[in-house]
Amino acid sequence: MRYSYEQLEQWDKEYVWHPFTQMKTYVQEHPLIIERGQGSYLFDVNGNKYLDGYASLWVNVHGHNDPELNEALHMQIETIAHSTLLGSANVPSILLAKKLIELWPGLSKVFYSDTGAAAVEIALKMAYQYWKNIDPVKYAVKNKFVSLKEAYHGDTVGAVSVGGMDLFHRIFKPLLFERIEVPSPYVYRMDGYGDEVEIVRYCLQQLEDVLEREHEQIAGVIVEPLVQGAAGIITHPKGFLKGIETLCRKYGVLLICDEVAVGFGRTGTLFACEQEQVTPDIVCLGKGITGGYLPLAATLTTDRVYEAFLGEVDEDKTFYHGHTYTGNQLSCAVALKNIELIEKRNLVENVRKKAERLAKKLEKLYEIPIVGDIRQKGLMVGIEIVQDRNTKQIFPRSEMIEHRIILEARKRGLIIRPLGPVITFIPVLAMTEDQMETAVDILFDSIAEMSKVVR
């Protein structure tokens, strides 16, 4: 049965509460209602066609409706859709775990979940319990975590506790456990600190000061490698991630790398940590793991961490955590095929080539007066919109400039989303170079149109 747009709009506004959305504003506009996808395009219920410039929230790898991923899902559903991983195993989860560990030298165990936030929550609980399992007396106060200014690691209570985005997190402060914040190398906003090398040196020194003073109370440091995504695509200069790893080893705290947003080719290598030869103690994966098909996440760790949880039943060293759909067969089967296609189609190499061409095309946006900064790592792009390029002052939130830009882009056939004052362009990884050029042209026209209105 086919429903009219008007009927769907009415029911959407009547029954659905959308995430990260001010519903008072949302219900005053006509919603975008997606019906289907094909390749790099999404189609709404009225038949309008849009380039997917946010990869349906940064997850889509090979494009929508990929026949080989469809086949993998169909084949698995003909066998079994789901059985629990609590105390039993299943074939796809075993094969996927083996493959993930082959891709991550130095790591050896996989703990499944279904969202990136859950993967982070697991990592935090794992790191905390690791120290308690080793020696609950010696490490009784090793309870704190360190994260970066403007960090974002998800929306569960533990993940929010290590978050640093005041807009998202301040309301929940009474619910959160203790976190220590250290500066992030946000080069565009660090005037007076010197060049990139000096900014990295400053940020690492601040981290070392914290670790030197409080390492006996710190269970771990958590970081998004190379790019802080939700913070506005803050790209970290070379050497920052490696420096964090070095300090964690020096002061005996666990390093947790949140690769949920940056993994599976997004930054130009399969995993972001590869670019600085960093091997974390714990890694969180999600988003692109199934190519944008199904919810799945994974927390990977070392033998050293895993073995701390081994003991007799009455020792209570068991990791008491698990979700109903942990290691779901459908998700794991599609993830396996996704990784196979990434390798077969040379996707990571193609991402690097497309990123180089995209960088040149993006330079044109600086012709628009309200474009303050353009940040890019692989196929992650953030365009910071400012009211005054000299002072870097942003527009008042009440003017909703960024929201108006994305509505303008939608009218021109591109779906994107803002993060505060930053317009993000996170395309489907398989998007062609010509399609990306079209997307940047739409970005240019949409931002330029808004620049005329506000100046």
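(A) Structural view of the pairing of strand β14 (residues 380–385). Of all 6 residues that make up β14, 6 are buried, and the element is covered over most of its length. Side chains Met 380, Gly 382 and Glu 384 project from β14 onto one buried face, and the interleaved Val 381, Ile 383 and Ile 385 project onto a second face that is buried too. As paired strands, strand β13 (residues 371–377) and β14 are joined by 6 bridges and run antiparallel to one another. Across the sheet, the residue bridging to Gln 376 is Val 381, located in β14. The antiparallel pairing of β13 with β14 creates a hairpin that spans 2 residues between the two strands, and Gly 378 there sits at a positive phi of about 60 degrees. With 4 bridges connecting them, β14 and strand β17 (residues 422–425) associate as antiparallel partners. Bridge pairing in β17 links Ile 383 to Ile 423.

(B) Layout of the nonpolar core. If you look at the biggest cluster of nonpolar residues, it comprises 97 residues, and the most contacted ones within it are Leu 100, Ile 244, Leu 300, Ile 383, Ile 385, Leu 414 and Phe 425. The element contributing the most residues to this core is helix α15 (residues 433–454), with 9 residues. Apart from the residues lying within four places of it in its own chain, the contact partners of Leu 414 are Tyr 50, Leu 51, Gly 53, Ala 409, Phe 425, Ala 439, Ile 442 and Leu 443. By size, the runner-up hydrophobic cluster in this structure holds 25 residues, among which are Ala 119, Val 120, Ala 159 and Phe 319.

(C) Molecular detail of helix α12 (residues 329–344). The terminal C-alpha atoms of α12 lie 22 Å apart, and with 16 residues this matches the ideal 22 Å at 1.5 Å per residue to within 8%. Across the 16 residues of α12, 12 count as buried, placing the element largely inside the fold. Residues Gln 329, Leu 330, Ser 331, Cys 332, Ala 333, Val 334, Ala 335, Lys 337, Asn 338, Ile 339, Leu 341 and Ile 342 constitute the buried set of α12. If you follow the buried residues of α12, they end up packed against α4 (67–77), α5 (91–103), β4 (109–113) and α13 (347–362). The backbone nitrogen of Leu 330 has a side-chain oxygen 3.1 Å away, supplied by the residue at the start of α12, namely Asn 328. Directly beyond the C-terminal end of α12, a positive phi value near 50 degrees is found at Asn 346.

(D) Region of the structure containing the packing of aromatic side chains. Applying the stated criterion to the full structure yields 11 aromatic pairs. Ring geometry for Phe 264 and Phe 271: centres 5.1 Å apart, planes at 70 degrees, overall edge-to-face. Assessed through its relative accessible area of 1%, Phe 264 is described here as buried. The class for Phe 271 is buried, based on a relative accessible area of 1%.

(E) The arrangement of a negative patch on the surface in detail. A cluster of acidic residues, Glu 312, Asp 314, Glu 315 and Asp 316, forms a negative patch at the surface. As for its placement among the helices and strands, Asp 314 is situated in the loop between α11 (303–307) and α12.

(F) Molecular detail of α5. Helix length check: α5, at 13 residues, gives a terminal C-alpha distance of 19 Å against a target of 18 Å (1.5 Å per residue), a fit within 8%. Of the positions making up α5, those classed as buried are Pro 92, Ser 93, Leu 96, Ala 97, Leu 100, Ile 101 and Leu 103. Taken down its axis, α5 places every buried residue within 155 degrees of arc, on the same side. Residues of α5 that are exposed and point over 90 degrees away from its buried face: Val 91 and Lys 98. At the N-terminal end of α5, a side-chain oxygen is found 2.9 Å from the backbone nitrogen of Ser 93, two or three residues along, and the residue is Asn 90.

(G) Seen up close, the sheet that holds β14. The strand order across the open sheet formed by 4 strands is β13-β14-β17-β16, and the pairing between neighbours is antiparallel. Each end of this open sheet is capped by a strand with a single partner; those strands are β13 and β16 (417–419). Shown here is a sheet whose adjacent strand axes are inclined to one another by a mean of 25 degrees, direction ignored. Examined bridge by bridge, β16 and β17 share 3 bridges and lie antiparallel to one another. Bridge assignment links Arg 417 to a residue of β17, and that residue is Thr 424. Most of the contacts of α15 go to β17, to which it runs at about 165 degrees, and overall it touches β13, β14 and β17.

(H) View of the pattern of salt bridges. All told, the structure shown has 31 salt bridges when counted by the stated rule. The partner of Glu 181 in a salt bridge is Arg 179, with the nearest N and O atoms 2.9 Å apart. For Glu 181, a relative accessible area of 38% gives the class partly exposed. One connected set of salt bridges, linked through shared partners, spans Arg 357, Lys 361, Glu 433, Asp 434, Glu 437 and Asp 441.

(I) The arrangement of the environment of Arg 304 in detail. Position of Arg 304 among the secondary structure elements: in helix α11. Judged by relative accessible area, which is 44%, Arg 304 ranks as partly exposed. Each C-alpha atom of the pair Arg 304 and Phe 444 lies 50 Å from the other, and the pair is 140 residues apart in sequence. At 2.8 Å, the side chain of Arg 304 and the side chain of Tyr 130 are in polar contact.

(J) A look at unusual backbone geometry. Phi is positive for Leu 226, which is not a glycine, with a value near 75 degrees. By the secondary structure assignment, Leu 226 is in the loop between β7 (218–223) and β8 (227–228). Not every positive phi belongs to a glycine, and Ile 233 is a case in point at roughly 55 degrees. On the accessibility criterion, Ile 233 (0% relative accessible area) is buried.

Reading guide: rules and limits
- Residues numbered from 1 in each chain as written.
- Predicted model: local features only at pLDDT ≥ 70, side-chain atom pairs only at ≥ 80, totals over all residues.
- Heavy atoms only, no water.
- Buried < 20%, exposed > 50% of the residue type's maximum accessible area, 1.4 Å probe, protein only.
- Helix = DSSP H or I, 4+ residues; strand = E, 2+ residues; numbered from the N terminus.
- Pairing = 2+ DSSP bridges.
- Core = buried A, V, L, I, M, F, W, Y, C linked by side-chain atoms within 4.5 Å.
- Contact = heavy atoms within 4.5 Å.
- Expected span 1.5 Å × (residues − 1).
- Polar contact = N/O pair within 3.5 Å; in protein donor to acceptor, adjacent residues only side chain to side chain.
- Phe/Tyr/Trp six-rings, centres within 6.5 Å; stacked < 30°, edge-to-face > 60°.
- Patch = residues over 30% accessible without salt bridge, like charges linked within 9 Å, V, L, I, M, F, W, Y side chains within 5 Å.
- Areas by Shrake-Rupley, 256 points an atom, 1.4 Å probe, with all protein chains shown as cover.
- Salt bridge = Lys/Arg side-chain N within 4 Å of Asp/Glu carboxyl O.
- Lys, Arg positive; Asp, Glu negative; His and termini not counted.
- Charge placed at Lys NZ, Arg CZ, Asp CG, Glu CD.
- Arc of directions from axis to C-beta.
- Axes fitted to C-alpha atoms, helices over the stretch in contact; angles between N-to-C directions.

Everything listed here is a matter of geometry and, on its own, says nothing about what the molecule does.
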